[in-house]
Amino acid sequence: MKFPILPTARAAWLTALAAPIAIVIAATAPDAWLMVPAAAVALLVLVVLDGLLAGKLTDWRVIAPADCEVGEPLKLGILAEFRGRAAWSRPEAALQVDTRLAETGSIETLLEFDTAADTWQGLAEPVPNRRGTAGIGQMWLRWSGPLGLGARQVSHELDNEIRIWPDLSPVRSPELQNYLRDAQFGLIARRIRGEGTQFEALSEYEPGMDRRRIDWKASARHTRLYARENESERNNQIVFAFDCGQAMCEPVDGLPRIDRAVTAALTASYVALKGGDRVSLFGFAQRPEVITPFISDTRAFYQLQSAAAGLDYHAEEPNFTLALASLTAKLKRRSLIVLFTDFTDPTGAEIMVESVGRLTEKHLVLFVTIEDAELAELADQDPATMSDLAAAVTADTLSRQRAVVLQRLRQMGVDIIEAPYDQIGYRLIDAYLDIKRSGAIG
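Draft legend 1. Representation of the pattern of salt bridges within the structure. If you walk through the whole model with that rule in mind, you get 11 salt bridges. Among the salt bridges present, the one from E69 reaches R172, with a minimum N-O distance of 2.8 Å. Residue E69 is located in strand β3 (residues 67–69), and its partner R172 is located in helix α3 (residues 169–172); the two are separated by 103 residues in the primary sequence. The class for E69 is buried, based on a relative accessible area of 14%. Taking the relative accessible area as the measure of exposure, R172 reaches 52% and is therefore exposed. A salt bridge links R100 to D98, with the nearest nitrogen and oxygen atoms 3.7 Å apart. The partly exposed category is assigned to R100, whose relative accessible area is 24%. Among the charged side chains, a salt-bridge network with shared partners connects R257, D342, R402 and E418.

Draft legend 2. Layout of the sheet that holds strand β4 (residues 76–83). Ordered in space as β2-β4-β8-β7, the four strands form an open sheet in which the pairing is antiparallel. The sheet terminates laterally at β2 (56–63) and β7 (112–114), the two strands that pair on one side only. For this sheet, the mean angle separating the axes of adjacent strands, direction not counted, is 30 degrees. Where β2 meets β4, seven bridges bridge the pair, whose relative direction is antiparallel. Across the sheet, the residue bridging to W60 is A80, located in β4.

Draft legend 3. How the structure looks around the pairing of strand β5 (residues 92–97). In terms of strand pairing, β5 meets strand β6 (residues 106–110) through five bridges, oriented antiparallel. Each residue of the ladder has a partner; that of E92, found in β6, is L110.

Draft legend 4. Molecular detail of the packing of aromatic side chains. One pass over the full model with this rule turns up eight aromatic pairs. On the basis of an interplanar angle of 55 degrees and a centroid distance of 4.9 Å, the ring pair of F82 and W143 is categorised as tilted. Here F82 is found in strand β4, whereas its partner W143 is found in strand β9 (residues 132–144), with 61 residues between them in sequence. Assessed through its relative accessible area of 1%, W143 is described here as buried.

Draft legend 5. Layout of the layout of surface pockets. Estimates place the volume of the largest pocket at around 590 Å³. In this structure, the largest pocket is lined by 31 residues; those nearest its centre are R257, F343, T344, D372 and R402. Of all the elements in the fold, those that place two or more residues in the lining of the largest pocket are β14 (251–252), α9 (346–359), α10 (373–380) and α11 (386–411). No other element matches α11, which puts six residues into the lining of the largest pocket. A breakdown of the residues in the lining of the largest pocket according to their chemical character gives 16 nonpolar, three polar and 12 charged.

Draft legend 6. Geometry of the sheet that holds strand β20 (residues 415–419). Ordered in space as β17-β16-β13-β18-β19-β20, the six strands form an open sheet in which the pairing is mixed. In this open sheet, the two strands that pair with only one neighbour each are β17 (288–291) and β20. In this sheet, neighbouring strand axes are inclined to one another by 20 degrees on average, regardless of whether the strands run parallel or antiparallel. Bridge count between strand β19 (residues 364–370) and β20: five bridges; the pairing is parallel. Residue pairing for β20: V368 is matched across the bridge by I417.

Draft legend 7. Broad picture of the state of the cysteines. For the structure on display, the rule yields zero disulfides. No disulfide involves C249; its sulfur sits 7.5 Å from that of C244, the nearest cysteine.

Draft legend 8. Local environment of the packing of α9 against α11. Where α9 contacts α11, the axes come no closer than 10 Å and their chain directions differ by 10 degrees. Viewed along their axes, α9 and α11 adopt a mutual orientation that is roughly parallel. Touching P346, A349, E350, M352, V353 and V356 of α9 are Q401, V405, R408 and L409, all from α11. Here the contact of α9 with α11 is composed, by residue class, of seven nonpolar, one polar and two charged.

Calculation criteria
Residues numbered from 1 in each chain as written. Predicted model: local features only at pLDDT ≥ 70, side-chain atom pairs only at ≥ 80, totals over all residues. Heavy atoms only, no water. Salt bridge = Lys/Arg side-chain N within 4 Å of Asp/Glu carboxyl O. Helix = DSSP H or I, 4+ residues; strand = E, 2+ residues; numbered from the N terminus. Buried < 20%, exposed > 50% of the residue type's maximum accessible area, 1.4 Å probe, protein only. Pairing = 2+ DSSP bridges. Axes fitted to C-alpha atoms, helices over the stretch in contact; angles between N-to-C directions. Phe/Tyr/Trp six-rings, centres within 6.5 Å; stacked < 30°, edge-to-face > 60°. 1 Å grid on protein atoms, 1.4 Å probe; cavity = no way out; pocket = protein on both sides within 12 Å on 5 of 7 lines; lining within 4 Å. Points joined across faces, edges and corners; volume = space filled by probe spheres on them. Nonpolar A, V, L, I, M, F, W, Y, C, P; charged D, E, K, R; others polar. Disulfide = S-S within 2.5 Å. Parallel < 35°, antiparallel > 145°, perpendicular 65-115°, else oblique. Contact = heavy atoms within 4.5 Å.

Here it is, written out as structure tokens:
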């Protein structure tokens, strides 16, 4: 294993500072010009000696997890052992990584000496910005001698791969577990009485109950008012449909909209499975990309997670007509379809509205879109220049067009969720529970 000796930045600065001195000597004392090459040779000798004193690398390791989640920091560890080296300066390490782990394609860190383990250790914590498989292709180690003039450098090819999954931190959060208990869904699902469509029992009518629940025939037989108690239906079909097109690939606070949508959908699907319903995922762009069979058991939740990890990013406009028609053809009974999408082009929005309208003829549709905070900020800001004014006018026009499209969807009977990305998960769960209790799916 070879460790080439290289000059450090400190040696380069010394050379740069010595150049003007050499010019002055050559101009004022021509007879002393031999001092200049002698000083250069001396510096070169110091660089080589310092590099030799830097010691030799005897062992190294890169520790990387096999799996991580998008948007959540992961830990990359680098270990190095040297022979003939004292702990005077910190070695530098660099990794060539997939842009899913770092937009620049590289991660750099300094190593620290661990006296207990007698090794140099470094830790990098990149935040994955997209799902998929991210490779670590190469590693560089660089360490200098005691004078900081000469350094050794080595590089190694790596074949590490990290699978980046959807973010499931909301599913694991204590907040969701409390939410499940509040919503009467736990490890043992409890019946939700009083609403729904499946008859459960009769109880005496009490003030405050919905009068539509009064069973007039039973009340006539018993000469007192009785109300029907219904149980919320189970085994409902819920499809989470994802637009994987260009608009959904735009970032929101560092992550693409599609990844924000996937996190919200998986959180809501976990609640739906706990409630005894069946869940499927559907992804599309120019054509359908992913469709899963209906999952009815929380033990198979990983299948939904794996399918969501396979939703790709497409820099193209989605084909709503083909996608939603294909989805309709695969559904044999009335279902709740939760559609995650976004739109900026009025023409594309018109096609989307027509396709969603045909979908509502047989199914219940819940339309979910992430609130565009940047657009609202541009529309509300006080313009200081003509370019600011043009941006504000454009943003206001787009906001108005967006409001018109959403209003048309509401008039067609589509429920709308438009909220910041960090709220759509719980807003979606609220909407799902309301729909389930009302028995609107069946």
